[in-house]
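Coordinate analysis (summary)
Residue strings, one per chain:
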Amino acid sequence: MLLLTSGILLWKYIRREQHLIIAVNDLEESNKRLSRQFERFHLLVHKFRCDVFLRYRDYIEDDILVDQKSKQTFEKICHSVTSDLREIYREFLLSKSINIYDDLSVSIKLTVSPNILIGILDTKIDKDAKKNIRKKKKWVYTAYRDPFTFEKLRDRREVTQNFYSIEGNTAFEHTYTYKNAVYACDDLSALGASYKNENKAWKSFYNATLLAPIRFNDIVNGHHFCFGFIAIDSMNIAKARLFEIDEAQHIIGHSADLLATFFLTLAIVGKEPTNIGALV
């Protein structure tokens, strides 16, 4: 009887283990499918962006500015993109059993040439400051933050207040100068002096970041149009794997490509009506 009981228990244990193995394998396969879906959605938008840019790239100038006529549309797009991206990424992390609650912020940063920056600052800076600004090819400023973060930290996390150089910030340099698809790090403090950030207060707000350029990189013809960056950051106190994963590039890249297409639209509509009519 004892042997029979032991045999039944052993059989049940083996059956349970088999079910657990099957469940784990199914979960792993489901995660792989999810990852492939992120990649395919990104590829769809990416190809659309490339095809449109290749057709209309001659309409792009050094600076594509959001004028007063386009400001409201730009802000609506930024509101949707930053809000949805924040929620998508939060849900994605939850699917990987990572809950960081509200510790996730999304921002959109724009690039601007020295002359445009001087025009914006104008009387706020002296001749020496203007001279220093002209030494850089591009400057970067934060144009928008997701509504949740803005309301929560509106007096602490700046928007359109400070300007930063490409060379003085590792994430910008990595994607703008070296033309990498993304910059991702889950523990910036661990990088020590090798990590550059001209915002001296960055450690107070995040220790992990994911940044993608809003751009079109025409490899064949050697043209590189970068209108800015979109970034997600987090304090990541638990040092979890948030951004240094394959899915991260596709999730944020999807949004970056959409924003790049918007800037191309601004370039096209900014031309003379006669030129636009020739395209129809």
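Only a predicted model underlies this, so the values are computations on that prediction, with no experimental measurement involved. (Residues numbered from 1 in each chain as written. Predicted model: local features only at pLDDT ≥ 70, side-chain atom pairs only at ≥ 80, totals over all residues. Heavy atoms only, no water.)

1. Some remarks on the packing of helix α2 (residues 68-95) against helix α7 (residues 246-269)
Geometry of a packed helix pair, given as the angle between the helix axes and the separation of the axes. At their nearest, the axes of α2 and α7 sit 11 Å apart, and the two run at 175 degrees to each other. The pairing of α2 with α7 is recorded here as roughly antiparallel in orientation. The residues of α7 that touch α2, namely those facing S70, T73, F74, I77, V81, L85, I88, Y89 and F92, are E247, A248, I251, I252, S255, L259, F262, F263 and L266. Taken together, the residues of the contact of α2 with α7 sort by class into 14 nonpolar, three polar and one charged. (Axes fitted to C-alpha atoms, helices over the stretch in contact; angles between N-to-C directions. Helix = DSSP H or I, 4+ residues; strand = E, 2+ residues; numbered from the N terminus. Parallel < 35°, antiparallel > 145°, perpendicular 65-115°, else oblique. Contact = heavy atoms within 4.5 Å. Nonpolar A, V, L, I, M, F, W, Y, C, P; charged D, E, K, R; others polar.)

2. What to know about the layout of surface pockets
Estimated volume of the largest pocket: approximately 750 Å³. As for the largest pocket, its lining consists of 32 residues, and the residues nearest its centre are I64, L65, L110, T111 and Y141. Mapped by element, the contributors of at least two residues to the lining of the largest pocket are α2, β1 (105-112), α3 (114-121), β2 (139-145) and β6 (223-234). By residue class, the composition of the lining of the largest pocket is 19 nonpolar, four polar and nine charged. (1 Å grid on protein atoms, 1.4 Å probe; cavity = no way out; pocket = protein on both sides within 12 Å on 5 of 7 lines; lining within 4 Å. Points joined across faces, edges and corners; volume = space filled by probe spheres on them.)

3. Quick word on unusual backbone geometry
Of note in the backbone geometry, N236 takes a positive phi value of approximately 50 degrees without being a glycine. Looking at the element boundaries, N236 is found in the loop between β6 and α7. Residue class for N236 comes out buried when judged on its relative accessible area of 2%. A positive phi angle, close to 55 degrees, is found at K239, a residue other than glycine. Its location among the elements puts K239 in the loop between β6 and α7. (Buried < 20%, exposed > 50% of the residue type's maximum accessible area, 1.4 Å probe, protein only.)

4. Regarding the nonpolar core
One recurring pattern in soluble globular proteins is that nonpolar side chains are buried together. Within the largest apolar cluster, 53 residues are counted, with the highest numbers of intra-cluster contacts made by Y89, I230, I232 and F263. Those elements that place two or more of their residues in this core are α1 (2-56), α2, β1, α3, β2, β5 (208-218), β6 and α7. Looking at which element gives the most residues to this core, the answer is α7, with twelve residues. Not counting residues up to four positions away in its chain, the partners in contact with I232 are L85, Y89, L104, S105, V106, A208, T209, L210, F243 and I252. With 17 residues, the next largest nonpolar core counts F172, C185, L188 and L211 among its residues. (Core = buried A, V, L, I, M, F, W, Y, C linked by side-chain atoms within 4.5 Å.)

5. What to know about the pattern of salt bridges
Note that side chains of opposite charge can pair when their charged atoms are close. All told, the structure shown has seven salt bridges when counted by the stated rule. Between D257 and R49 there is a salt bridge; the shortest N-O distance is 3.1 Å. Remark: R49 occurs in helix α1 and D257 occurs in helix α7; sequence separation between them is 208 residues. Residue D257 shares its accessibility class with R49, and that shared class is buried. Linking E173 and K196 is a salt bridge whose minimum nitrogen-to-oxygen distance equals 3.0 Å. Here E173 is found in helix α6 (residues 170-177), whereas its partner K196 is found in the loop between β4 (183-185) and β5, with 23 residues between them in sequence. Judged by its relative accessible area of 32%, K196 is partly exposed. One salt-bridge network, held together by shared partners, links R86, D102 and D146. (Salt bridge = Lys/Arg side-chain N within 4 Å of Asp/Glu carboxyl O.)

6. As for the confidence of the model for the protein
Within the protein, residue pLDDT values average 83, and 80% of them lie at 70 or more. Put simply, helix α8 (residues 273-277) is where the protein has its lowest mean pLDDT, 39, and β4 is where it has its highest, 98. A low-confidence stretch, residues 272-280 stays under pLDDT 50, and its non-local contacts, those more than four residues away or across chains, total eight contacts. (pLDDT = per-residue confidence, 0-100.)

7. Describing the sheet that holds β2
The strand order β3-β2-β1-β6-β5-β4 describes an open sheet built from six strands, whose pairing is antiparallel. Looking along the sheet, the strands with just one partner apiece sit at the ends: β3 (164-165) and β4. Where β2 and β3 come together, two bridges link them in antiparallel fashion. Following the sheet pairing, W139 is matched in β3 by S165. (Pairing = 2+ DSSP bridges.)

8. A closer look at the pairing of β2
By the criterion of burial, β2 is predominantly enclosed, with seven of the seven residues buried. As defined by bridge partners, β1 adjoins β2 across six bridges and the pair is classed as antiparallel. When the sheet's bridge partners are listed, V112 is paired in β2 with W139.

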